[in-house]
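Understanding the architecture of this molecule
Take a look at the letters that make up each chain.
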Amino acid sequence: MIEKNIGLSESLEDYLETILDLEKTHKVARTRDIAEKMGVKCGTVTGALKSLGEKGLINYEPYSFVTLTQKGSTIAKEITRRHDVLKDFLFRVLQIDAGKAEATACRMEHAMDKASVDTLIRFIEFIDNCPRTGGDWVQAFLNYCSNAKQNGKDCKTCLDKCKLQETLTRA
């Protein structure tokens, strides 16, 4: 997780992620934009902004624009990276509905550390690039999941087909 010693709750991480997104689209964030995007009241945002400002993660003065500090930007980018990787994995690889993948990734992003996310990225790259995996492999997984009775016999049949294909390819 991102520097938990600075006391970032999941909620404060969400604020950093939201501020980063608003900075990308509007160059700065305003309290009311943050409140609207997060679905909370302006008073709630003000309390969070004070806390983030005290931690040196944002530049904040009441009734002014909000921007991330360098440290805040680094943390927000890592949170966003975790979110995007998890959402991609849930949606594209596991074929979870887009809305559910988004919501689940938002919850999971707070629990995964950088090393775990890096390993997940390598796994996704492996799936995308290894000739033994790829789209056929993902589709086989989906077929396995959709079958009410998963059993080893189906896996053995699939494995035998793969071995046969490998033998024919080498010949």
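In this report, the structure presented in the accompanying data block is examined. Computed from a predicted model, the values in this text were never measured in an experiment.

Counting residues in hydrophobic clusters, the biggest one holds 23 residues, and the most contacted among them are Leu16, Ile19, Ile34, Leu52 and Ile58. For this core, the elements supplying multiple residues, two or more each, are α1 (10-26), α2 (31-38), α3 (42-54) and α4 (70-93). If one sorts the elements of this core by residue count, α1 sits on top with six residues. Those residues within four positions of Ile19 in sequence are excluded, and the remaining contacts are Ala29, Ile34, Leu49, Leu52, Ile58, Val66 and Leu68.

Among the secondary structure elements, Asp14 is positioned in helix α1. Here Asp14 occupies a buried position and makes no salt bridge, while the nearest side chain of opposite charge, Arg82, is found at 7.9 Å. Not counting the four nearest positions on each side in its chain, Asp14 is found in contact with Met38, Cys106, Glu109 and His110.

Together, Phe123, Phe126 and Trp137 make up a nonpolar patch on the protein surface, roughly 270 Å² of accessible area in all. In this structure, Phe126 sits in helix α6 (residues 114-129). Among the residues examined, Phe126 registers a relative accessible area of 36% and is labelled partly exposed.

In this section: the pattern of salt bridges. One side chain can pair with another of opposite charge once the charged atoms of both are near each other. Tallied over the full model, the rule gives eight salt bridges. We note a salt bridge from Arg81 to Glu78, for which the minimum N-O separation is 3.1 Å. Here Arg81 and its partner Glu78 are both found in helix α4, three residues apart, which amounts to about one turn of the helix. In this structure, the salt-bridge partner of Asp88 is Arg92, at a minimum N-O distance of 3.0 Å. Highlighted residues: Asp88 and Arg92, both in helix α4, separated by four residues, approximately one helical turn. Judged by relative accessible area, Arg92 falls into the partly exposed class, the value being 33%.

Rules used in this analysis
- Residues numbered from 1 in each chain as written.
- Predicted model: local features only at pLDDT ≥ 70, side-chain atom pairs only at ≥ 80, totals over all residues.
- Heavy atoms only, no water.
- Core = buried A, V, L, I, M, F, W, Y, C linked by side-chain atoms within 4.5 Å.
- Buried < 20%, exposed > 50% of the residue type's maximum accessible area, 1.4 Å probe, protein only.
- Helix = DSSP H or I, 4+ residues; strand = E, 2+ residues; numbered from the N terminus.
- Contact = heavy atoms within 4.5 Å.
- Lys, Arg positive; Asp, Glu negative; His and termini not counted.
- Salt bridge = Lys/Arg side-chain N within 4 Å of Asp/Glu carboxyl O.
- Patch = residues over 30% accessible without salt bridge, like charges linked within 9 Å, V, L, I, M, F, W, Y side chains within 5 Å.
- Areas by Shrake-Rupley, 256 points an atom, 1.4 Å probe, with all protein chains shown as cover.

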